[in-house]
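A structural walkthrough
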Amino acid sequence: QVKWKGKDLFDLVCRTLGLRETWFFGLQYTIKDTVAWLKMDKKVLDHDVPTEEPVTFHFLAKFYPENAEEELVQEITQHLFFLQVKKQILDEKIYCPPEASVLLASYAVQAKYGDYDPNVHKRGFLVQEELLPKRVINLYQMTPEMWEERITAWYAEHRGRARDEAEMEYLKIAQDLEMYGVNYFAIRNKKGTELLLGVDALGLHIYDPDNRLTPKISFPWNEIRNISYSDKEFTIKPLDKKIDVFKFNSSKLRVNKLILQLCIGNHDLFMRRRKADSLEVQQMKAQAREEKARKQMERQRLAREKQMREEAERTRDELERRLMQLKEEATMANEALMRSEETADLLAEKAQITEEEAKLLAQKAAEAEQEMQRIKATAIRTEEEKRLMEQKVLEAEMLALKMAEESERRAKEADQLKQDLQEARESERRAKQKLLEITSKSSYTQSMNSSTTALPNDLPSFNLINESLSFDFKDTDMKRLSMEIEKEKVEYMEKSKHLQEQLNELKTEIEALKLKERETALDILHNENSSRGNSKHNTIKKVS
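Residues numbered from 1 in each chain as written. Predicted model: local features only at pLDDT ≥ 70, side-chain atom pairs only at ≥ 80, totals over all residues. Heavy atoms only, no water.

- The protein is annotated in an unreviewed UniProt entry as MERL protein from Baryphthengus martii.

Written as structure tokens, this is what we have:
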């Protein structure tokens with residue numbers, strides 16, 4: 001509305017987002033190539049905003065926390081900071097070394113896609129994603145597939161982290177980058193030397209224009225007595241009166257106003273962090289803890305349901321496999337039974353033929369015996385006839401003997417065939433019995449299958465009841481709390497050591513692919529700081 005003040009518009013945006021940690025944010029606009037922030041107590045249209053419509057404001061973080069994990073309470077606050085810092089890193093407004101860029105990209109992927117699943121997240125799924133600064137991509141002779149492979153390797157290690165946890169890990173790493181949360185302004189000292197002024201959550205810092213990573217001088221907020229400006233001249237008075245007053249000139253009066261705004265806001269937050277939390281912040285932290293506990297229980301419940309479902313699916317698959325195996329066994333038993341029946345029929349037929357042949361041979365032997373008797377009874381008158389007769393008798397006896405042996409052999413063969421038939425019938429009986437057993441098992445397995453494949457509807461559920469919590473800390477409570485803090489500290493140190501080892505390993509791995517001629521000035525400065533063992537915080541401590 002026309003009469004709205006800056007606070008009215010700002011509060012509307014915060015209510016729409018459900019944001020309560022409003023002190024970090026503001027509405028930014030650009031006028032004559034200079035950034036400005038909407039004042040809360042001034043009418044929106046009374047600001048020196050652009051005349052063309054629509055008037056555009058950017059809802060952004062104006063002030064940054066010293067420790068994101070301790071200070072950012074609401075999930076929406078963490079998410080907004082994550083989006084802004086991620087964009088600043090990709091736009092190269094915050095310098096990030098290559099190995100840290102890959103690690104941050106893996107947390108960004110975890111926040112967007114959830115847990116890594118090789119069946120879903122196949123090669124090429126990150127092709128359309130903007131995850132690394134162009135400076136990092138151009139610095140190495142590596143294909144997009146090679147970058148994706150290294151990001152995915154770390155992404156797979158983040159399994160189990162929810163979106164808010166992944167975003168917080170991103171911020172915890174990003175807040176240690178030298179240019180994180182620093183607003184830079186071009187200034188000149190009394191001698192006319194061009195310098196850069198940096199304003200952040202820790203204090204004021206003076207930089208060389210070519211080196212935005214390492215400040216020349218730092219003024220922590222707790223060591224500054226007064227800050228003021230007159231026209232374009234800006235004055236910083238240290239708390240220690242023995243130290244000279246630092247004066248510099250900016251390009252525009254509007255810039256000095258902006259610097260003073262940022263100084264006042266950052267100093268107020270610096271002092272607030274060192275006091276007890278307000279009642280509002282305490283309530284927000286209590287609600288955040290309850291919400292975190294509720295989400296943790298919900299995640300545990302879902303994990304249990306997922307585990308039960310996976311177990312049920314594994315049981316179903318095992319039963320289906322067992323059922324298929326039993327079906328195959330039943331089919332093989334049926335085939336064996338059919339073969340046994342065919343063999344028994346053939347043996348029976350062969351035994352019948354052998355028996356008939358034995359009867360026929362016995363009949364022929366009887367006829368030969370009768371013929372021999374008839375020949376013996378016949379009188380042979382001549383010697384020749386007698387000799388011939390004797391010879392015929394001998395032949396008849398031999399024939400009869402052969403016939404008897406053949407008959408006996410055939411009889412034995414018939415007995416053997418009868419025995420084989422008996423064994424075949426016994427095999428047939430056993431095969432039928434096994435088939436009956438397999439059939440009964442199959443029916444039991446099917447019933448088991450139908451009972452286990454269906455997931456139980458009465459899975460355990462949990463309701464979180466909001467109750468007022470009261471705390472009565474005793475000595476034992478304090479001891480337990482100190483032990484927990486010490487344990488968390490040890491875990492954090494181990495995790496930091498492991499993280500640093502991973503970063504060093506990746507740096508060594510990709511170093512051979514680096515194109516030295518494409519290194520920027522910030523890359524060289526960062527490498528020099530790393531070789532000296534300098535970090536953001538110890539550098540500021542040294543130059544304070």
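Moving on, there is more to tell.
**Concerning the packing of helix α3 (residues 75-90) against helix α7 (residues 163-174)**
- In the contact formed by α3 and α7, the axes pass within 9 Å of each other and the chain directions differ by 50 degrees. In terms of orientation, α3 lies oblique with respect to α7. The two elements α3 and α7 meet at a crossing, and its hand is left-handed. Between α3 and α7, the residues in contact are Glu75, Gln78, His79, Phe81, Phe82, Val85, Lys86 and Ile89 and Arg163, Asp164, Glu167, Met168, Tyr170, Leu171 and Ala174, respectively.
- Class assignment of the residues belonging to the contact of α3 with α7 gives a composition of eight nonpolar, two polar and five charged. (Axes fitted to C-alpha atoms, helices over the stretch in contact; angles between N-to-C directions. Helix = DSSP H or I, 4+ residues; strand = E, 2+ residues; numbered from the N terminus. Parallel < 35°, antiparallel > 145°, perpendicular 65-115°, else oblique. Left-handed = near helix turned anticlockwise from the far one by under 90°. Contact = heavy atoms within 4.5 Å. Nonpolar A, V, L, I, M, F, W, Y, C, P; charged D, E, K, R; others polar.)

**Examining the environment of Arg430**
- Looking at the secondary structure, you find Arg430 in helix α10 (residues 383-452).
- Overall, the relative accessible area of 46% leaves Arg430 in the partly exposed class. (Buried < 20%, exposed > 50% of the residue type's maximum accessible area, 1.4 Å probe, protein only.)

**Considerations on the nonpolar core**
- Core analysis: the biggest nonpolar cluster contains 90 residues, and Val85, Ile89, Val199, Leu204 and Ile259 have the highest contact counts within it.
- With nine residues, the top contributor of residues to this core is helix α4 (residues 98-113).
- For this core, the two domains that each supply at least three residues are domain 1 (6-175) and domain 2 (183-275). (Core = buried A, V, L, I, M, F, W, Y, C linked by side-chain atoms within 4.5 Å. Domains from an automatic or database assignment.)

**Some remarks on the side chain of Glu71**
- Considering the arrangement of structural elements, one finds Glu71 in helix α2 (residues 68-71).
- Here the side chain of Glu71 touches Glu66 through a polar contact of 2.9 Å, landing on its backbone nitrogen.
- Among residues more than four places away in sequence, those in contact with Glu71 are Glu21, Phe24, Pro65, Glu66 and Arg273. (Polar contact = N/O pair within 3.5 Å; in protein donor to acceptor, adjacent residues only side chain to side chain.)

**What to know about the UniProt feature "binding site: a 1,2-diacyl-sn-glycero-3-phospho-(1D-myo-inositol)" (unreviewed entry) in the protein**
- Using the residue numbers shown here, the UniProt feature "binding site: a 1,2-diacyl-sn-glycero-3-phospho-(1D-myo-inositol)" (unreviewed entry) corresponds to Lys39, Met40, Asp41, Lys42 and Lys257.
- In this structure, Met40 sits in the loop between β2 (34-37) and β3 (58-61).
- With relative accessibility at 29%, the residue Met40 sits in the partly exposed group.
- If near-sequence neighbours (up to four positions away) are discounted, Met40 is found in contact with Lys5, Gly6, Lys7 and Phe10.
- With respect to the helices and strands, Lys42 occurs in the loop between β2 and β3.
- If we skip the residues at most four places from it in the chain, Lys42 touches Lys5, Gly6 and His47. (UniProt positions renumbered as here; feature names shortened; annotations may be inferred.)

**Observations concerning a negative patch on the surface**
- A contiguous patch of negative charge on the surface is contributed by Glu341, Glu342, Asp345 and Glu349.
- Mapped onto the fold, Glu342 is located in helix α9 (residues 279-377).
- Note on Glu342: relative accessible area 48%, which makes it partly exposed. (Patch = residues over 30% accessible without salt bridge, like charges linked within 9 Å, V, L, I, M, F, W, Y side chains within 5 Å. Areas by Shrake-Rupley, 256 points an atom, 1.4 Å probe, with all protein chains shown as cover. Salt bridge = Lys/Arg side-chain N within 4 Å of Asp/Glu carboxyl O. Lys, Arg positive; Asp, Glu negative; His and termini not counted. Charge placed at Lys NZ, Arg CZ, Asp CG, Glu CD.)

**Things to note about the sheet that holds β2**
- Reading across from one edge, β2-β1-β3 is the order of the three strands in this open sheet, with antiparallel pairing throughout. On the outer flanks of this sheet lie β2 and β3, each paired with one strand and no other. Geometrically, the sheet is characterised by an average inter-axis angle of 45 degrees between neighbouring strands, direction not taken into account.
- As paired elements, strand β1 (residues 25-31) and β3 share four bridges and run antiparallel to each other. Considered in β3, the bridge of Gly26 is made with Leu60.
- On top of the sheet, helix α8 (residues 253-273) reaches β1 and β2; it is set at about 45 degrees to β2, its chief contact. (Pairing = 2+ DSSP bridges.)

**A look at the layout of surface pockets**
- In this structure, the second largest pocket occupies an estimated 900 Å³ of space.
- Lining the second largest pocket we find 30 residues, and of these Gln28, Val35, Gln88, Lys93 and Asn183 sit closest to its centre.
- No other element matches α3, which puts five residues into the lining of the second largest pocket.
- Classifying every residue of the lining of the second largest pocket by side-chain character gives 17 nonpolar, six polar and seven charged.
- When residues of the lining of the second largest pocket are assigned to domains, at least three fall in each of domain 1 (6-175) and domain 2 (183-275). (1 Å grid on protein atoms, 1.4 Å probe; cavity = no way out; pocket = protein on both sides within 12 Å on 5 of 7 lines; lining within 4 Å. Points joined across faces, edges and corners; volume = space filled by probe spheres on them.)

**Things to note about the pattern of salt bridges**
- Throughout the structure, instances matching the rule amount to 26 salt bridges.
- Salt-bridge contacts for Glu66 lead to Arg274; the nearest nitrogen and oxygen are separated by 3.0 Å. Of this pair, Glu66 sits in the loop between β3 and α2 while Arg274 is found in the loop between α8 and α9, placing the two residues 208 residues apart along the sequence.
- Glu298 is paired through a salt bridge with Arg301; the nearest N and O atoms lie 2.6 Å apart. Placement of the pair is Glu298 and Arg301 together in helix α9, with a separation of three residues, close to one helical turn.
- The partly exposed category is assigned to Glu298, whose relative accessible area is 30%.

**Side note on the pairing of strand β10 (residues 246-250)**
- Burial along β10 is one-sided: the face carrying Phe246, Phe248 and Ser250 is buried and the face carrying Lys247 and Asn249 is not.
- Looking at chain direction, strand β4 (residues 183-188) and β10 are connected through two bridges and run antiparallel. Residue pairing in the sheet places Arg188 in a bridge with Asn249 of β10.
- Sheet analysis places strand β9 (residues 233-238) next to β10, joined by four bridges and oriented antiparallel. When the bridges of β10 are listed, Glu233 appears paired with Asn249.

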